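One-letter residues, chain by chain:
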Amino acid sequence: MRDLQNENGKLKAYIDDKLGISALPKGDELLALAEDFYSSEHVPNEHLPENIRLALTTEEITDLRRVFELFDARNKG
């Protein structure tokens, strides 16, 4: 039973490392990220293509950027 639990732990660690789950924020980091998500007012959009700026509001662009950042746990863009 102990060997099975040990092997299960190794497998979980391997999957965690492969999927990058350990890179996701936890606890206080997640709370800080959520606070930033709801408190940030201005995100610069001048570097975006004109067609995107014309099609989306600043709030929509900000929301999309925040959601992307939540999923880009390894900051690979």
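Residues numbered from 1 in each chain as written. Predicted model: local features only at pLDDT ≥ 70, side-chain atom pairs only at ≥ 80, totals over all residues. Heavy atoms only, no water.

## As for the overall build of the chain
Check the secondary structure of the chain and you find four helices and zero strands. Tracing the chain from N to C terminus, the helices and strands come up as α-α-α-α. Burial status across the chain gives 12% buried among its 77 residues. In the chain, the proportion of contacts linking residues at least 24 apart, taken out of those at least 6 apart, comes to 45%. Total accessible area on the chain is roughly 6800 Å²; 57% of this is exposed by carbon and sulfur atoms. (Helix = DSSP H or I, 4+ residues; strand = E, 2+ residues; numbered from the N terminus. Buried < 20%, exposed > 50% of the residue type's maximum accessible area, 1.4 Å probe, protein only. Contact = heavy atoms within 4.5 Å. Areas by Shrake-Rupley, 256 points an atom, 1.4 Å probe, with all protein chains shown as cover.)

## Quick notes on helix α4 (residues 58–71)
With 14 residues, α4 should cover 20 Å at 1.5 Å per step; its first-to-last C-alpha distance of 20 Å lies within 8% of that length. The complete set of buried residues in α4 reads Ile61, Thr62 and Arg66. Mapping the buried residues of α4 onto a view down its axis gives an arc of 135°, with all of them on the same face. Turned more than 90 degrees away from the buried face of α4 sit Leu64 and Phe71, all of them exposed. (Expected span 1.5 Å × (residues − 1). Arc of directions from axis to C-beta.)

## What to know about the confidence of the model for the chain
Per-residue pLDDT for the chain averages 76, and the proportion of residues at 70 or more is 73%. Put simply, helix α2 (residues 28–39) is where the chain has its lowest mean pLDDT, 69, and α4 is where it has its highest, 84. (pLDDT = per-residue confidence, 0-100.)

## Notes on the UniProt feature "domain: EF-hand" (unreviewed entry) in the chain
The positions that UniProt labels "domain: EF-hand" (unreviewed entry) are, in the present scheme, residues 59–77. Across residues 59–77, the secondary structure splits into 68% helix and 0% strand, with the terminal C-alpha atoms separated by 20 Å. (UniProt positions renumbered as here; feature names shortened; annotations may be inferred.)

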